[in-house]
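# Observations on the model geometry
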Amino acid sequence: MTDKKKVAILWLGSCGGCDETIVDINELILGVVNSVDLVLWPIALDFKYHHIEKMADGEIALGIINGHVRNSDHAEMAKLMRQKSQVILAFGACACFGGTPGLANLRSKEDIFRWVYQEAPTVINPKGVCPQTTTRVDGKELTLPEMFESVHSLDHVIDVDYYLPGCPPPPYLVLKAITAFLENTLPAKGSSLASHKALCDTCPRNASKPNKVAITEIKRIHEVEADPTKCFLSQGIICMGPATRSGCGESCININIPCRGCFGHIELVADSGAKFLSGLASMIDAEDEAGLEKISDQVRDTMGYLYRFSLPISIMNQKRLQSDEVKSDD
Amino acid sequence: MKEKEPKIVCFSCRFSWGYLVSEEEIAARLENWIPIICTGKIDPVHILTAFRQGADGVLILGCPEGDCHYQDGNIEARKRITLLYNVLKSYGIERERLKLHLGADPEGKTMPQLIKEMTDTVRKLGPRSGDTTTQKKSATRTK
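Here is a short report on the structure shown in this document. (Residues numbered from 1 in each chain as written. Chains lettered and ligands numbered in written order. Predicted model: local features only at pLDDT ≥ 70, side-chain atom pairs only at ≥ 80, totals over all residues. Heavy atoms only, no water.)

## Focus: unusual backbone geometry
Residues and elements named next belong to chain A. Our working definition: Only DSSP runs of H or I reaching four residues or more are called helices, and only runs of E reaching two or more are called strands; each is numbered from the N terminus.
Cis geometry is found at the peptide bond from Cys167 to Pro168, where omega equals -10°. Within the secondary structure, Pro168 is located in the loop between strand E9 (162-164) and helix H7 (171-182). Unusually for a residue other than glycine, Asn26 sits at a positive phi of about 60°.

## What about the sheet that holds strand E4 (residues 98-102) of chain B?
Sheet strands pair via backbone hydrogen bonds, and the direction of the pair is either parallel or antiparallel. Residue and element names in this part refer to chain B. The condition that has to hold: The criterion for strand pairing is that DSSP finds at least two bridges linking the strands in question. Note on definitions: angles span 0 to 180 degrees between N-to-C directions of axes, and those axes are lines fitted to C-alpha atoms, for helices only across the stretch in contact. Whether two residues touch is decided by their heavy atoms; if any such pair falls within 4.5 Å, the residues are in contact.
Here we have four strands laid out as an open sheet, ordered E2-E1-E3-E4, and parallel in their pairing. Two strands in the sheet have a free side with no partner beyond their single neighbour: strand E2 (33-36) and E4. Between one strand axis and the next, the sheet turns by 15° as a mean value, whatever way the strands run. The pairing of strand E1 (residues 8-13) with strand E3 (residues 57-62) spans five bridges and is classified as parallel. Across the sheet, residue Phe11 finds its bridge partner in E3, namely Ile60. Packed onto the sheet, helix H2 (residues 44-52) meets E1, E3 and E4 and runs at close to 145° relative to E3. Packed onto the sheet, helix H3 (residues 73-90) meets E3 and E4 and runs at close to 165° relative to E4.

## Examining H7 of chain A
Residues and elements named next belong to chain A. Applied cut-off: By this rule, a helix spans an expected 1.5 Å times one less than how many residues it contains. Each residue is placed in one exposure class: buried if its accessible area under a 1.4 Å probe, protein chains only, is under 20% of its type's maximum, exposed if it is over 50%, and partly exposed if it falls in between. This arc is built from the directions going out from the helix axis to the C-beta atoms.
Taking 1.5 Å as the rise per residue, H7 with twelve residues should run 16 Å; its terminal C-alpha atoms sit 16 Å apart, in good agreement. Residues Leu173, Val174, Ala177, Ile178, Ala180 and Phe181 constitute the buried set of H7. All buried residues of H7 fall inside an arc of 160° around its axis, so they share one side. After H7 finishes, the residue Asn184 shows a positive phi value of roughly 55°.

In structure tokens form, the structure reads like this:
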């Protein structure tokens, strides 16, 4: 037996990018693997869930969970991890805020099923086959997890100790978080293991930002040749920097792409989308109401801009969460 | 069954609305009234929170154009509200449920009437779609 700290890595509703970023620590991952005892990592190692079920409560020192919670299987696994782990780290934008899949919350579950299994032009389904939670085949009962009404962030299902945002979190922050865990230097519970500043504060283009940004026309990034040295907002291109936590290493900005907000809200902000909207409004320079309406219409896909990663934790969407009552069978 | 009376939340700037009378006097005549200093202080967060907590409509009373005590707070409010309409639409909340009215009434006598007009507009729209507050309560009760 080893006395190394046990670490489990689990994915829920995830694309695999968060696991990839762990691999992207490259050779340094060998040091991490040597200092901990990995007990679960479905994407990379062949441990089984029942191994975890047999463990004592709190036996895992650190449980790293990426992905959002959308179905009963996700919720069940998240709860098992909580029970067996001393510390739970919500890893990546989906676990922290619900992530991009959270935009599905603008549609009902019924709408989504209807589209995916019946109405989408690529679907041929004359018998109207639709997945059920239980199906009998050859006298045997097959089961599938139940899809919830909406997408949830991890902390709406279980108690979360730390958050590491990003889509995915950059490898240097992953290493920093794991090092802090190994060296017992983690900050207060509930903290985000990233910068406490807004992206604008650390943006290399900050100096080019005029004192008062005056937007007379909103343009999309693919419609213009953006000046790679100037603040995006000053060019009329929507950039979520003012309302987004820094720590990403400005990876998008550096390739001339505006911030999309994957690091989520800054400390004490309840709804980063609403806050950004407020900031954007103050930058708009319109002569009259008609001009204002015109600029407002130029914002294509408002919800996609404001809540690309955070709809499930937004003020209006929180309401749907309770109706799901994911926590009810606790 | 009697139709539920729409709930209107009213924010009003104290510089133009009812500053000659006491707050208690206005509050006695209005439900869900929130006096503020400058409509420029109203953040989309406040409006969304009102809708989230079950408001059927939100009425914001600001100072006349060019008369803001802080220069352009009312214009800032208008900009925010115009952008916010796009967000409300995604939640199935009609534009008519959020209104900014710029004007002045030092005694606040017209405020009940303005709220009544808003109530009538909202009543015509019917119950708010996507409002799960009532459904949620019944669901919890049957549990």
